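Survey of secondary and tertiary structure
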Amino acid sequence: MKVLGIDGSPRVNSISHRLLEIALEGAEKEGASTGMLRLREYEIPPCEGCVSYYGRCNLQECIGHNGEGLKDLFDEILSSDVLLFATPVYWFGPSGLLKNLIDRMTCLEHEEKLLDGKVGGILCSYEEEGASTTISQLFLALSDMGLHFPPYAYTYNRGDKIEQDTAFYAEQLGRNAVMVAQCLDGKRWWRR
Ligand SMILES: Cc1cc2nc3c(=O)[nH]c(=O)nc-3n(C[C@H](O)[C@H](O)[C@H](O)COP(=O)(O)O)c2cc1C
């Protein structure tokens, strides 16, 4: 069982990074191996929109279209059972770093449902307003990409100190995500 944390904050030692660490510690308590991708360390050119209006969009083409730097990142994503996404709220939505990755992940679901049945979770950090819109946006996209969400599949923290309750939710999220992935045992859900 492999759990991958995807850190969408451009800041070093960010709050969302810490939330993700707590969730990964939870996952390890359930026996999973864990890894962390820090998106700020990758060159991710923006999606070129090949898919729009019945165009082609698949892994090979996407890597061919300005995506060489994405190869390792996609390998990590595809070899993981659980994907936990962490982001600060930027203007009521996810950070540009994470949104950019989500756009490019279109090639993992459009022609072939390569993410089907993986388990997801969302962690987010904010100061004033916008956690629920951010989480909703991510839920919509990731569910459409075939991810399966456990109960209590998200958490959010306000401000620069992590509340005890939020830490509890983050750890529980990591644990539950692993337990759901174990129950699903690689089951596929796309029926066409
Ligand atoms: C470009 C930008 C936009 C932001 N927009 C919002 C926002 O809409 N709502 C909010 O509550 N905080 C907003 N913030 C504040 C961050 O969400 C907040 O500082 C967060 O805790 C940082 O998380 P991190 O430590 O994981 O990077 C914004 C910050 C930046 C840099």
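See the structure above.
The structure contained in this document is the topic of the report that follows. Computed from a predicted structure; not experimentally measured.

Turning our attention to the layout of surface pockets. Put simply, the largest pocket is a space of about 380 Å³. Looking at the largest pocket, it is lined by 17 residues, and the ones nearest its centre are Pro88, Val89, Ser125, Tyr126 and Glu127. The residue inventory of the lining of the largest pocket, partitioned by class, reads 7 nonpolar, 5 polar and 5 charged. Here the second largest pocket defines a volume of roughly 170 Å³. Asp81, Asp116, Gly117, Lys118 and Gly186 are, among the 13 residues lining the second largest pocket, the residues nearest its centre. Here the residues of the lining of the second largest pocket sort into 4 nonpolar, 3 polar and 6 charged.

Here the focus is the packing of helix 1 (residues 15-29) against helix 6 (residues 164-184). Put simply, helix 1 and helix 6 touch, their axes get as near as 7 Å, and they point 45° apart. With respect to helix 6, the element helix 1 is oriented oblique. Of the two elements, helix 1 crosses helix 6, and the hand of that crossing is right-handed. Mapping the contact onto sequence places Leu19, Ile22, Ala23, Gly26, Ala27 and Lys29 in helix 1 and Thr166, Ala167, Ala170, Glu171, Gly174, Arg175 and Val178 in helix 6. Residue classes in the contact of helix 1 with helix 6 are distributed as 7 nonpolar, 3 polar and 3 charged.

Calculation notes
Residues numbered from 1 in each chain as written. Predicted model: local features only at pLDDT ≥ 70, side-chain atom pairs only at ≥ 80, totals over all residues. Heavy atoms only, no water. 1 Å grid on protein atoms, 1.4 Å probe; cavity = no way out; pocket = protein on both sides within 12 Å on 5 of 7 lines; lining within 4 Å. Points joined across faces, edges and corners; volume = space filled by probe spheres on them. Nonpolar A, V, L, I, M, F, W, Y, C, P; charged D, E, K, R; others polar. Axes fitted to C-alpha atoms, helices over the stretch in contact; angles between N-to-C directions. Helix = DSSP H or I, 4+ residues; strand = E, 2+ residues; numbered from the N terminus. Parallel < 35°, antiparallel > 145°, perpendicular 65-115°, else oblique. Left-handed = near helix turned anticlockwise from the far one by under 90°. Contact = heavy atoms within 4.5 Å.

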